[in-house]
Amino acid sequence: MGRAGRGGAPGLLLLLVALPTGWASTKLSPLVERVSDHKDFKKLLRTRNNVLVLFSLSASAAETELRLLSDVAQTVRGQGTVAWIDCGDAESRKLCKKLRVDPKPAVTLLHYKDGTLHSEYNRPVTSKSLVAFLKDPDGPPLWEEDPEAKDVVHLGSEKELRRLLKKEARPVLVMFYAPWCGVCKRMMPAFQQAATELRGGYMLAGMNIHSPEFEQLKEEFNVRGYPTVCYFEKGRFLLHFENFGATAKDIVDWMRNPQPPQPPVPETPWAEEDSAVHHLTDQDFDQFLRDHPSVLVMFHAPWCGHCKKMKPEFEKAAEELHAQGESPGVLAAVDATVNKAVSERFHVSGFPTVKYFENGEERFTLPHLRTKKKIMDWLRNPEAPPPPEPTWEENPGSVVHLAGTDFRESLKKRKHALVMFYAPWCPHCKSAIPHFTAAADLFKDDRKIAYAAVDCAKEQNQDLCKQEGVDGYPTFNYYNYGKFAEKYNGERVESDFAAFIRSLRERDHEKLGKKRDEL
């Protein structure tokens with residue numbers, strides 16, 4: 001099918017389609033806009049930036065598609081636009097010719113984004129696929145659109161899941177996934193191949209459970225990340241399948257003999273290994289610093305991935321220093337999850353944290369010392385590190401930085417607010433920040449509009465971020481007078497951030513103009 005993704009700004013449609021008289025009994029959405037004039041078409045593309053247009057040879061040829069698109073238009077209201085051009089009509093024929101569109105054999109679907117032709121729609125002409133496309137015109141196709149996944153049962157709602165578990169007598173394996181999840185995408189081919197091999201005796205199902213509406217299901221089946229794969233017998237959840245690198249054969253074999261995940265082999269604590277690094281505790285930390293005038297200390301946590309990556313580099317540096325005899329310093333480590341008193345005293349809040357102590361006193365925090373070479377070079381010539389870059393919140397700008405305590409009250413004062421939920425360490429967030437800030441600057445004088453941000457890494461904001469359905473960074477939510485309206489799925493660049501808000505403002509102006517006309 002065609003390309004899919006990044007959503008578009010809202011587009012409300014207010015013109016009723018003129019339909020053949022035989023369709024009077026069919027419930028058709030007034031949100032499908034019929035266009036026949038070139039000026040009207042240009043205006044449509046100028047005021048709507050996510051438009052799917054149905055071109056037909058005649059009105060009767062488009063009957064089936066228009067029925068379907070009427071429902072689609074209602075579902076994507078405020079996020080995308082559906083329009084119809086009947087090339088069989090005398091006036092519209094000129095428009096089709098001007099646009100060089102020949103709807104063969106009977107209809108053609110074209111997508112327009114930001115005023116220009118974006119792509120031909122060539123995904124399945126089903127309600128689910130059309131809605132997914134309009135919500136994310138550059139995103140990936142739905143899993144069920146893959147012909148190789150025909151033997152996977154694709155679930156779209158909690159009701160469908162409950163019905164399946166209630167009625168299905170065969171063992172069922174359900175993959176709860178998110179469309180953006182890389183591990184899920186890598187696992188899907190093996191999962192769908194296993195579904196084909198097990199067809200008849202077992203059932204394999206998939207369900208996109210990313211949306212906030214599925215919070216209750218996530219809690220019930222302990223979905224803490226993606227994918228989460230659950231095994232059911234006679235409607236009862238029994239086990240998690242946790243081999244995410246499994247082949248189709250692995251899944252088939254496991255389904256025929258399901259076993260609980262094996263407990264991981266416990267790692268030997270770093271302090272108990274044969275190590276050139278000195279491992280310090282709350283009790284001996286101060287005495288060690290008195291005995292050693294130059295000490296580089298790594299505060300770590302056993303579960304920390306960055307710590308595990310740095311550990312061998314730290315060990316190599318310690319071994320080289322030990323071999324030198326008279327060395328510029330010694331290396332020590334503190335497990336901050338066990339030795340909390342000393343970690344709190346030196347305000348350790350992230351891992352790993354590397355601090356340098358001279359004659360028992362803390363001198364520097366050195367976040368850049370992550371490799372053996374950098375550690376050795378710095379100890380031979382210790383100097384103050386460059387000052388840390390100011391945080392986004394510390395930089396002047398038009399973005400409003402919110403916290404859990406004032407979030408709702410602050411947004412209630414703004415008619416339109418686009419909120420970016422982020423974490424400072426997230427690379428995708430770092431890329432989006434300058435674009436989001438630039439877009440905010442464009443609307444800084446409009447008191448009805450806000451571009452806001454919430455740092456989800458801060459402890460006081462974590463409950464808020466969970467409450468607002470944030471389970472990946474960055475997440476963009478649009479709020480109308482403090483009430484959540486929709487997720488923003490557009491491109492993360494200044495022009496798209498600005499176009500989204502601009503389209504809302506233009507819609508406000510249109511509504512105001514109609515009210516004046518009515519008066």
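Before reading further, recall that the structure is shown in the block above.
Conventions adopted
Each chain has its residues counted from 1, running along the sequence as written. Totals for whole chains, interfaces and linings use every residue, but because this is a predicted model, local features are given only for residues with pLDDT of at least 70 and side-chain atom pairs only at 80 or more, for both listing and counting. Hydrogens are left out, water is left out, and the side-chain values use all remaining heavy atoms of the structure. Axis geometry follows a simple rule: fit a line to the C-alpha atoms, using only the stretch in contact for helices, then measure angles between N-to-C directions, giving values from 0 to 180 degrees. For the purposes of this entry, the term helix denotes a DSSP run of H or I that reaches at least four residues, the term strand denotes a run of E that reaches at least two, and both are numbered from the N terminus. Angles below 35 degrees are treated as roughly parallel, those above 145 as roughly antiparallel, those between 65 and 115 as roughly perpendicular, and all remaining angles as oblique. Each crossing gets its hand from how the near helix is turned against the far one by less than a right angle, where anticlockwise is left-handed and clockwise is right-handed. In what follows, a contact means two residues having at least one pair of non-hydrogen atoms within 4.5 Å. In this classification, the charged set is Asp, Glu, Lys and Arg, the nonpolar set is Ala, Val, Leu, Ile, Met, Phe, Trp, Tyr, Cys and Pro, and all remaining amino acids, among them Gly, are polar. Strand pairing follows a simple DSSP-based rule, namely that at least 2 bridges must link the two strands. Each patch is built from residues that are more than 30% exposed by relative accessible area and take part in no salt bridge. Like charges join if they lie within 9 Å; nonpolar side chains (Val, Leu, Ile, Met, Phe, Trp, Tyr) join within 5 Å. Working definition of accessibility: Shrake-Rupley area with a 1.4 Å probe, residue cover restricted to the visible protein chains. The term salt bridge refers to a pairing of a side-chain nitrogen on Lys or Arg with a carboxyl oxygen on Asp or Glu at a separation within 4 Å. Counted as positive: Lys and Arg. Counted as negative: Asp and Glu, with His and the chain ends omitted from the count. All charge positions are set by atom: Lys at NZ, Arg at CZ, Asp at CG, Glu at CD. The classification of residues rests on relative accessible area computed with a 1.4 Å probe and restricted to protein chains. Under 20% of the type maximum is buried, over 50% is exposed, and intermediate values are partly exposed. N or O atoms closer than or at 3.5 Å make up a polar contact, with two conditions inside protein: a donor-capable atom paired with an acceptor-capable one, and, for residues adjacent in sequence, both atoms drawn from side chains. Put simply, two rings from Phe, Tyr or Trp (the six-membered ring, in Trp's case) pair if the centres are within 6.5 Å, and we call them stacked under 30 degrees between planes, edge-to-face over 60, tilted for the rest.

Caption draft 1: View of the packing of helix α2 (residues 63-75) against helix α4 (residues 127-135). The interhelical angle for the contact between α2 and α4, taken along N-to-C directions, is 40 degrees, at an axis separation of 10 Å. Classified by the interaxial angle, the pair formed by α2 and α4 is oblique. Crossing of α2 against α4: the hand is right-handed. Contact with α2, carried on its side by Leu68, Leu69, Val72 and Thr75, involves Ser127, Leu130, Val131 and Leu134 of α4 and no other residues of that element. Split by residue class, the contact of α2 with α4 holds 6 nonpolar, 2 polar and no charged.

Caption draft 2: Here's a closer look at the sheet that holds strand β7 (residues 172-177). In spatial order, the strands read β6-β8-β7-β9-β10; together these 5 strands make up an open sheet with mixed pairing. Two strands lie at the open edges of the sheet, namely β6 (153-155) and β10 (236-241), each paired on one side alone. Between one strand and the next, the sheet's axes are offset by a mean angle of 30 degrees, whatever the strand orientation. Pairing of β7 with strand β8 (residues 203-208) involves 6 bridges; the strand directions are parallel. Pairing of leucine 173 across the sheet is with leucine 204, part of β8.

Caption draft 3: A positive patch on the surface, seen in detail. Judged by side-chain charge, Lys39, Lys42, Lys43, Arg46 and Lys98 come together as a positively charged surface patch. The dominant element in the positive patch, judged by the number of residues it contributes, is helix α1 (residues 38-47), at 4 residues. Mapped onto the fold, lysine 39 is located in helix α1. The exposed category is assigned to lysine 39, whose relative accessible area is 67%.

Caption draft 4: Region of interest: the side chain of asparagine 50. Within the element layout of this structure, asparagine 50 appears in strand β2 (residues 50-56). Only 2.6 Å separates the side chain of asparagine 50 from the side chain of histidine 111, close enough to count as a polar contact. A polar atom in the side chain of asparagine 50 sits 2.7 Å from the backbone oxygen of leucine 134.

Caption draft 5: Representation of the packing of aromatic side chains. Evaluation of the coordinates by the stated rule reveals 34 aromatic pairs. On the basis of an interplanar angle of 80 degrees and a centroid distance of 5.7 Å, the ring pair of tryptophan 303 and phenylalanine 351 is categorised as edge-to-face. In this pair, tryptophan 303 sits in the loop between β12 (294-300) and α10 (305-323) while phenylalanine 351 sits in the loop between α11 (340-345) and β14 (353-358), placing the two residues 48 residues apart along the sequence.

Caption draft 6: Spatial organisation of the pattern of salt bridges. Under the defined criterion, the tally for this structure stands at 27 salt bridges. Here arginine 67 makes a salt bridge to glutamate 63, at a shortest N to O gap of 2.4 Å. Of this pair, arginine 67 and glutamate 63 both sit in helix α2, 4 residues apart, which is roughly one turn of the helix. Among the ionic pairs, lysine 458 bridges to glutamate 393, the shortest N-O distance being 2.9 Å. Placement of lysine 458 in the loop between β18 (449-455) and α15 (462-467) and of glutamate 393 in the loop between α12 (372-380) and β16 (400-401) is noted, with a sequence separation of 65 residues between them.

Everything listed here is a matter of geometry and, on its own, says nothing about what the molecule does.
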